[in-house]
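# Structure at a glance
Chain by chain, the residues run as shown.
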Amino acid sequence: MKIYIIRHGETDANANGLMQGWSDGELNEFGIMLAEETGKKLKGIKFDAAYSSPLVRARKTAEIIIKETESNCPLYIDDRLKEINMGDYEGRNFKQERLSGVKEFLVNPLETDLFPGGETVLDCVQRTQLFLKELVLKEYETVLVSTHGCALRCMLNFLYDENSNFWHDQVPLNCCINIVEAEDGEIKLTGDDLILYDKSLCIDRYTVDDCR
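What comes next is a walk through the structure.

What counts as what
- Residues numbered from 1 in each chain as written.
- Predicted model: local features only at pLDDT ≥ 70, side-chain atom pairs only at ≥ 80, totals over all residues.
- Heavy atoms only, no water.
- Core = buried A, V, L, I, M, F, W, Y, C linked by side-chain atoms within 4.5 Å.
- Buried < 20%, exposed > 50% of the residue type's maximum accessible area, 1.4 Å probe, protein only.
- Helix = DSSP H or I, 4+ residues; strand = E, 2+ residues; numbered from the N terminus.
- Contact = heavy atoms within 4.5 Å.
- Salt bridge = Lys/Arg side-chain N within 4 Å of Asp/Glu carboxyl O.
- Axes fitted to C-alpha atoms, helices over the stretch in contact; angles between N-to-C directions.
- Parallel < 35°, antiparallel > 145°, perpendicular 65-115°, else oblique.
- Left-handed = near helix turned anticlockwise from the far one by under 90°.
- Nonpolar A, V, L, I, M, F, W, Y, C, P; charged D, E, K, R; others polar.
- Phe/Tyr/Trp six-rings, centres within 6.5 Å; stacked < 30°, edge-to-face > 60°.
- Lys NZ or Arg CZ within 6 Å of the ring centre and 35° of its normal.
- Expected span 1.5 Å × (residues − 1).

Once that is clear, we can look at the nonpolar core. In this structure, Tyr4, Leu42, Phe47 and Leu144 are the most contacted members of the largest nonpolar core, which totals 22 residues. Looking at this core, the elements that each hand over two or more residues are β1 (2-7), α2 (29-41), α3 (56-69) and β5 (177-183). No other element matches the 4 residues that α3 contributes to this core. Not counting chain neighbours up to four residues away, the residues in contact with Tyr4 comprise Leu42, Ile45, Phe47, Thr142, Val143, Leu144, Val145, Ile177, Asn178 and Ile179. Core analysis: the next-biggest nonpolar cluster, separate from the first, contains 21 residues, Phe105, Phe166, Val171 and Tyr206 among them.

What follows is the structure, encoded as structure tokens:
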């Protein structure tokens, strides 16, 4: 089985430095374009099934990829693919407000119980990895999974060479692709943060410098 795991396209909340978490919101025009361009580059790949977080930004990204690849496959919604719940911080601007703990979240999130009223990273790790380990037992050849930045890192943490480097050097860019292959009980990462659209369009909106 080959699994293409994508982070959703850009939203206005991304562009404006807001904490999204479980808050819902549409892709903006730039985010739609990133998803469309990524889908065009994936043309020729026929997905047997697609799974998405229920949040609109992830679901819409999956729908665009399915359309552009002409996969005509079912899209299943799974709550375990939601972004980490950011509790009381959702909707707040971490760049302007200098929210307590956000810098630590971008440096060492596995050791940070950051979000009041929300989840820990380890909570998100548990649910996303359970989803992946159940998925690889299904009878598919090629699957699309549409999720979120922190959730993606949580899901793949056990496949990275350095598990302690949670962010794998950076928060995943919008519409980056990670490829996981599973065979005979072995799961391995074979595509790492691939960008299929023009790299001049890459924008890293979540850096430690933003928290100073």
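With that out of the way, let us pick up the pattern of salt bridges. Evaluation of the coordinates by the stated rule reveals 8 salt bridges. For Arg205, the salt bridge identified is with Glu10, shortest N-O distance 2.8 Å. One end of the pair, Arg205, is in the segment after β6 (186-194); the other, Glu10, is in the loop between β1 and α1 (12-16), and 195 residues separate them in sequence. Judged by relative accessible area, which is 4%, Glu10 ranks as buried. Glu134 is paired through a salt bridge with Arg80; the nearest N and O atoms lie 3.0 Å apart.

This part covers the packing of helix α6 (residues 121-135) against helix α7 (residues 149-156). The description of two helices packed together rests on the angle between their axes and the distance between the axes. Two elements in contact, α6 and α7, have axes whose closest approach is 7 Å; the angle formed by their N-to-C orientations is 65 degrees. In terms of orientation, α6 and α7 fall into the roughly perpendicular class. In terms of crossing hand, the pair formed by α6 and α7 is right-handed. Residues Val121, Cys124, Val125, Thr128, Gln129, Phe131 and Leu132 of α6 touch α7, and the partners they reach there are Ala151, Cys154, Met155 and Leu156. Within the contact of α6 with α7, the residues separate by chemical class into 9 nonpolar, 2 polar and no charged.

Summed over all chains, the structure comprises 8 aromatic pairs. On the basis of an interplanar angle of 65 degrees and a centroid distance of 6.3 Å, the ring pair of Tyr51 and Tyr140 is categorised as edge-to-face. Of the two residues, Tyr51 is situated in strand β2 (residues 49-52) and Tyr140 in the loop between α6 and β4 (142-147); the sequence distance between them amounts to 89 residues. Connected via pairs of aromatic rings, a cluster forms that spans Tyr89, Phe105, Phe115, Phe166 and Trp167. In this structure, Lys82 packs its charged tip against the face of Trp22, placed 3.6 Å from the ring centre. The ring of Phe158 carries Lys133 above its face, with NZ or CZ at 4.7 Å from the centroid.

In this model, α6 (15 residues) spans 21 Å end to end at C-alpha, consistent with the 21 Å of a helix rising 1.5 Å per residue. Those residues of α6 that are buried lie in contact with β1, β2, α5 (102-107), β4 and α7.

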